Amino acid sequence: MVSRSYSNLLDLASGQSLGFGRERRRFSRVATVSGALSELDDDNSNSVGSDAPSSLSQERMIIVGNQLPIRSHKRDNGEWYFSWDEDSLLYQLKDGIAQDVEVIYVGSLKEEIDVSEQDDIAQTLLDTFKCVPAFIPPDLFSKFYHGFCKQQLWPLFHYMLPLSPDLGGRFDRSLWQAYVSVNKIFADKVMEVISPDDDFVWVHDYHLMVLPTFLRKRFNSVKLGFFLHSPFPSSEIYRTLPVRDDLLRALLNSDLIGFHTFDYARHFLSCCSRMLGLSYQSKRGYIGLEYYGRTVSIKILPVGIHIGQLQYVLDLPETVSRIAELRDQFRGQTVMLGVDDMDIFKGISLKLLAMEQLLLQHPEMRGKVVLVQIANPARGRGRDVQEVQSETFTAVRRINESFGRQGYNPVVLIDSPLQFYERIAFYVIAECCLVTAVRDGMNLIPYEYIICRQGNEKLNETLGLDQSGPRKSMLVLSEFIGCSPSLSGAIRVNPWNIDAVAEAMDSALMVSEAEKQLRHEKHYKYVSTHDVAYWARSFIQDLERACRDHERKRCWGIGFGLGFRVIALDPSFKKLSVEHIVSAYKRTKSRAILLDYDGAMGSSGSNSISAIPTAETVGLLNSLCRDPKNVVFLVSVKERDILSEWFSSCDRLGLAAEHGYFLRQNREGDWETCISVPDFDWKQTAEPVMRLYMETTDGSTIEIKESSIVWNYQCADPDFGFCQAKELLDHLESVLANEPVSVKSGQHIVEVKPQGVNKGLVAERLLETMQQRGMLPDFVLCIGDDRSDEDMFGVIMSAREGPALSPVAEVFPCTVGQKPSKAKYYLEDTNEILRMLQGLANASEQATRNSLPPSPANTSATTE
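Rules used in this analysis
Residues numbered from 1 in each chain as written. Predicted model: local features only at pLDDT ≥ 70, side-chain atom pairs only at ≥ 80, totals over all residues. Heavy atoms only, no water. Helix = DSSP H or I, 4+ residues; strand = E, 2+ residues; numbered from the N terminus. Buried < 20%, exposed > 50% of the residue type's maximum accessible area, 1.4 Å probe, protein only. Contact = heavy atoms within 4.5 Å. Areas by Shrake-Rupley, 256 points an atom, 1.4 Å probe, with all protein chains shown as cover. Core = buried A, V, L, I, M, F, W, Y, C linked by side-chain atoms within 4.5 Å. Phe/Tyr/Trp six-rings, centres within 6.5 Å; stacked < 30°, edge-to-face > 60°. Lys NZ or Arg CZ within 6 Å of the ring centre and 35° of its normal. Right-handed = clockwise from strand over helix to strand, strands pointing away. Pairing = 2+ DSSP bridges. Axes fitted to C-alpha atoms, helices over the stretch in contact; angles between N-to-C directions. Parallel < 35°, antiparallel > 145°, perpendicular 65-115°, else oblique. Nonpolar A, V, L, I, M, F, W, Y, C, P; charged D, E, K, R; others polar. Left-handed = near helix turned anticlockwise from the far one by under 90°. Expected span 1.5 Å × (residues − 1). Salt bridge = Lys/Arg side-chain N within 4 Å of Asp/Glu carboxyl O. pLDDT = per-residue confidence, 0-100. Arc of directions from axis to C-beta.

Asker: Is there a simple way to explain the overall build of the chain in this structure?
Answerer: When helices and strands are counted, the chain shows 28 helices and 33 strands. Residues classed as buried in the chain amount to 54% of the 864 residues present. Put simply, 73% of the contacts in the chain that link residues at least 6 apart link residues at least 24 apart. In the structure as shown, the chain presents an accessible area of about 38,400 Å², 47% of it carried by carbon and sulfur atoms.

Here's what the structure looks like:
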């Protein structure tokens, strides 16, 4: 469905309403514009309605990035010149999108556009390139990009902490506000063109990390993917960011989050665990985070390169000519190549130090080995860039003065911009490619090098190579870059270890020709099959899978600002109406009420330590128990002595302790056991094992009950506690394999208890007790808050089909909080539960008053 606002934009762009068919339009690659139009009417910019169905259903992809894949410059006559930027990843990934899918780009332009020209250019870009430009005021863009992105996020994501003002930017609230404001502008632009029921949105990189929240807030069921092209730091680094939770929650408003490597994904998942208390699961090869009923999928796949573009450039006459020139220039010498941006994370100076060490240790290589270092202009700016440049120039000068001679410089530094074909030519003649970055999200230089070293017929003829002969290449890669795991034939190094890098350079030069061929063949097979089209296609397929259940679930939003999130639940799951349950309560005559105490009625908030029931809670329970139509049971994980003390004033209240192992019908009754356990000798085996893990896991505790033993790691380090819990679970299952017990893990616990003990037993016993009393329940209320209560819900729901309940029984299984559950109803928190129970208690008291005979005074007055 095409939104009205999108149709309006198209009308303005073309002067008439455009119809969209399934056939994809072909556009010219260049456009020129002049003049201006009036401002766009954006009164309906937030509209998500549509006037009529569109044939574009499920055939549009909106790609959002910081910059549009457009080249632009202004000619002398004042006209703007636009063309596709074929080097842009956003443009290249279209090769992985089906031909019948319309692609729309949202992003900013590299050039500053005068306000008077913005409307004209926006319409031209939309009409000609299907691009929607986001025009950011220059001062706001500077704070957003050069401020928050480059001074705070970029250094932090590359493990650089602002320990002093000289080491990266300290957190600045005004820069953060600019970052949020720019993300909001991007969101508004997406809203102008999106058809939320049909379109997929793919957001790219750290510049737009809060954009998912703005889109999810406007369209709860938007199909949204996000890919991070930079590293994601470890939790110890990331947690220093003051807005850490805001960024995590914003990313979790995506349906699919992509990372280049498992390390980056692992760090993200660890941050979600430590800071938001979320855990992840891996099912059938897919990793997912459960977030308020939504499954946020995690994608791990390094991006590839556009091989067709490289092969096209390799065939150019100027490329072949340049290769021939370089071959003659470096004849008789072995060329090692480095291609890096001039920034602090690329490790250029470390590479130069290793080269210096190589020449010191191996004098025989002087005059034979050359390091060509191509230094691209830095993307950021600041004093750190100047320091890198100064250090690089100094190192190059020192090495060339120490080891150079007439006609030979061991290091050739190229710091002026190169044409792409010139860089390709250096790839072709280099025997080894060196990447010594200290931290880099991906780095595609090695991929480009591999493809160029494969060559083609024309290059083979130029270089005098056998057309059918094997190709060869060598890579020395830093272990801190994203492409390193996928290139297993490379020599991996720690770039900080200068000696090790020098040794790796020597090994790369000395390795046999056959070994070089095998390594090249292995790398080429991977790079050629995992290109940018493969990457895009794989991501989109996983995004479609992640969004498959959108139509089936009911969604609504909660929270304010960047804390906004969407609840996604089964359509049959709804909030329990107090009026509805009170009405059912009043018209029924035989009621079973089953209440979980821990978490559902007790003081279980994060700021509460005490679980002792309040006077209000005890009073409510007594009011319900006094009604002869009610049988009330309270279930808890607590020990029976504690429950007896807490509820000593509740005469008719049934109690179930330790998950239902112990039961008591009322205060005068004796405690019974639900199942027969011959002995608890297994405790002598389980307790020493648990104590071992308690002693080795700081913050963990053991609780020894009559029927069970619980190891709790809620106050321990979450990652270490989780790992220890898995080990403890395996350990206990092994040593207790022949004992009649079950070993289970729960929320921050590992518990050993007799087999068959669960809260579902309490529900079964309650229904049996009422049957024995001749009461056939026509009203059942069951309230719980965690996974252990799901057994109660299951028994209650299945009892509807059997003889234990009246055929017209009204059943209310209710959980606490909006989350996936067997229960059909929910209440938000303990306060809402108490208010609901108060409503039931008031109904009982009113019914009791109505059933009393009139007082003598009232009788005589009526007679008179």
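Next, the rest of the story.
Asker: It is not clear to me how the nonpolar core should be interpreted in this structure. Could you clarify?
Answerer: Side chains of nonpolar character tend, in soluble globular proteins, to be buried together. Core analysis: the biggest nonpolar cluster contains 184 residues, and Val64, Tyr179, Phe232, Leu247, Leu252, Phe268 and Met336 have the highest contact counts within it. Element by element, the count of residues in this core is highest for helix H5 (residues 173–193), at eleven residues. Setting aside chain neighbours within four positions, we find Phe268 in contact with Phe232, Leu248, Leu251, Leu252, Ile257, Phe259, Leu289 and Ile298. If you look at the next biggest cluster of nonpolar residues, it comprises 43 residues, including Leu576, Trp646, Leu781 and Phe812.

Asker: I tried to follow the packing of aromatic side chains on my own but got confused; where do I start?
Answerer: In this description, an aromatic ring pair is defined by two values, namely the gap between the centres and the angle between the planes. A complete count under the given rule lists 36 aromatic pairs for this structure. Judged by centre distance (5.0 Å) and plane angle (85°), the rings of Phe227 and Trp535 are edge-to-face. Placement of the pair is Phe227 in strand E8 (residues 223–227) and Trp535 in helix H19 (residues 532–546), with a sequence separation of 308 residues. Of the two residues examined, Phe227 and Trp535, each falls in the buried class. Look at Tyr291 and Tyr292: their rings are 4.9 Å apart centre to centre, the planes differ by 85°, and that puts the pair in the edge-to-face class. Judged by its relative accessible area of 1%, Tyr291 is buried. Note on Tyr292: relative accessible area 30%, which makes it partly exposed. Following the ring pairs from residue to residue traces out a cluster consisting of Phe141, Phe144, Tyr145, Phe148, Phe171, Trp176 and Tyr179. Above the face of the Tyr159 ring, Arg439 is positioned so that its terminal group lies 3.8 Å from the ring centre.

Asker: Would you explain the pairing of strand E13 (residues 334–341) in this entry?
Answerer: In the case of a regular strand, side chains alternate between the two sheet surfaces. For E13, the buried fraction is high: seven of the eight residues fall into the buried class. For the handedness criterion, the β-α-β arrangement of E13, helix H12 (residues 348–361) and strand E14 (residues 369–376) is classed as right-handed. Sheet analysis places E13 next to strand E16 (residues 432–435), joined by two bridges and oriented parallel. Counterpart to Met336 in the pairing with E16 is Cys432.

Asker: Is there a simple way to explain the packing of helix H10 (residues 307–314) against helix H14 (residues 420–429) in this structure?
Answerer: Angle between the axes and distance between the axes: these two values describe a pair of packed helices. H14 packs onto H10 with a crossing angle of 90° between their chain directions and a minimal axis gap of 10 Å. As far as their axial angle goes, H14 and H10 are roughly perpendicular. Facing Gln309, Leu310, Val313 and Leu314 of H10, the residues of H14 in contact are Phe420, Tyr421, Ile424 and Val428. Looking at the contact of H10 with H14 residue by residue, the classes come out as seven nonpolar, one polar and no charged.

Asker: I keep staring at the environment of Glu616 and nothing clicks. Help me out?
Answerer: Within the secondary structure, Glu616 sits in helix H21 (residues 615–626). Put simply, Glu616 and Leu834 are 218 residues apart on the chain and 8.7 Å apart in space, counted from C-alpha to C-alpha.

Asker: Honestly, the sheet that holds E16 in this entry has me stumped. Any pointers?
Answerer: Whenever strands of a sheet pair, they do so through backbone hydrogen bonds, lying parallel or antiparallel. The strand order E15-E14-E13-E16-E17-E18 describes an open sheet built from six strands, whose pairing is parallel. Looking at the sheet topology across the chains shown, the edges are occupied by strand E15 (411–414) and strand E18 (491–493). On average, adjacent strands in this sheet sit at an angle of 20° to one another, irrespective of strand direction. Judged from the three bridges that link them, strand E17 (residues 475–478) and E18 form a sheet pairing that is parallel. When the sheet's bridge partners are listed, Leu477 is paired in E18 with Arg492. Its contacts with the sheet put H14 on E13, E14 and E15, and the angle it makes with E13 is roughly 140°.

Asker: Before we go on, may I ask you to explain the sheet that holds strand E27 (residues 701–704) in this structure?
Answerer: The four strands lie next to each other as E27-E28-E30-E29, forming an open sheet whose pairing is antiparallel. Every other strand in the sheet has two partners, leaving E27 and strand E29 (741–746) as the edge strands with one partner each. Looking at each pair of strands side by side, their axes are set apart by 15° on average, direction ignored. Two strands pair when backbone bridges link them, and E29 and strand E30 (residues 749–754) are joined in this way by six bridges, in the antiparallel orientation. Looking across to E30, one finds that Gly746 is bridged to Ile749. The sheet strands contacting helix H23 (residues 683–696) are E27, strand E28 (709–712) and E30, and the helix crosses E28 at an angle near 10°.

Asker: I tried to follow unusual backbone geometry on my own but got confused; where do I start?
Answerer: If a residue is not glycine, its phi is most likely negative; likewise, a peptide bond is most likely trans. Positive phi outside glycine occurs at Tyr159, with the angle close to 70°. Considering the arrangement of structural elements, one finds Tyr159 in the loop between helix H4 (138–157) and H5.

Asker: Help me understand the pairing of strand E11 (residues 286–291), please; the structure alone is not making it clear to me.
Answerer: The sheet contact formed by strand E10 (residues 280–283) and E11 spans four bridges and is antiparallel. Looking across to E11, one finds that Ser282 is bridged to Ile287. With five bridges joining them, E11 and strand E12 (residues 294–300) adopt antiparallel strand pairing. By the bridge assignment for E12, Ile287 is matched with Ile298.

Asker: Quick question: what am I supposed to make of the environment of Lys458 here?
Answerer: Within the element layout of this structure, Lys458 appears in helix H16 (residues 457–463). Judged by relative accessible area, which is 40%, Lys458 ranks as partly exposed. Put simply, Lys458 and Val320 are 138 residues apart on the chain and 7.8 Å apart in space, counted from C-alpha to C-alpha. Setting aside anything within four residues of it in sequence, one finds Lys458 in contact with Asp315 and Val320.

Asker: Just to check I follow, could you spell out the packing of H10 against helix H15 (residues 445–454) for this structure?
Answerer: Packing of H10 against H15 brings their axes to within 10 Å, and their N-to-C directions diverge by 50°. In this view, H10 runs oblique relative to H15, as classed from their interaxial angle. Along this stretch, H10 crosses H15, giving a crossing that reads as right-handed. Residues Ile307, Leu310 and Leu314 of H10 form the contact with H15, whose participating residues are Glu448, Ile451 and Cys452. Residue composition of the contact of H10 with H15, grouped by class: five nonpolar, no polar and one charged.

Asker: Even after reading the chapter, I still don't get helix H3 (residues 115–129), so can you show me in this structure?
Answerer: In an α-helix, one turn spans 3.6 residues; hence positions three or four apart end up facing the same way. Between its first and last C-alpha, H3 extends 21 Å over 15 residues, near the 21 Å set by a 1.5 Å rise per residue. With twelve of its 15 residues buried, H3 lies for the most part within the structure. Looking one or two residues past H3, Lys130 carries a phi angle of roughly 55°, positive in sign.

Asker: Just to check I follow, could you spell out the pattern of salt bridges for this structure?
Answerer: Between side chains of opposite charge, a pair can form when the charged atoms approach closely. Under the counting rule described, the total for this entry stands at 39 salt bridges. Glu832 is the salt-bridge partner of Lys575, the closest N and O atoms lying 2.9 Å from each other. On the criterion of sequence distance, the pair formed by Lys575 in strand E21 (residues 574–575) and Glu832 in helix H27 (residues 830–851) is long-range, its members being 257 residues apart. On the accessibility criterion, Lys575 (38% relative accessible area) is partly exposed. Among the salt bridges present, the one from Asp596 reaches Lys759, with a minimum N-O distance of 2.8 Å. Of this pair, Asp596 sits in strand E22 (residues 591–596) while Lys759 sits in the loop between E30 and helix H25 (760–772), placing them 163 residues apart in sequence. In terms of burial, Asp596 and Lys759 fall into one category: buried. A single salt-bridge network, built from bridges that share partners, covers Glu431, Arg453, Lys472, Glu513 and Lys516.

Asker: Quick question: what am I supposed to make of the confidence of the model for the chain here?
Answerer: In low-pLDDT segments, the atomic positions of the prediction should not be examined closely. In this model, the chain carries an average pLDDT of 87, and 90% of its residues clear a pLDDT of 70 or more. Here residues 604–609 is modelled with pLDDT under 50, and outside its nearest four sequence neighbours on either side it reaches three contacts, counting other chains as well. Low confidence marks residues 859–864, where pLDDT is under 50. Its contacts with residues over four positions away, or in another chain, come to one contact.

Asker: Could you clarify how one ought to interpret helix H8 (residues 244–251) in this entry?
Answerer: Where H8 is concerned, the buried positions are Leu247, Leu248, Ala250 and Leu251. Buried residues of H8 fall within an arc of 160° about the axis and therefore sit on the same side.

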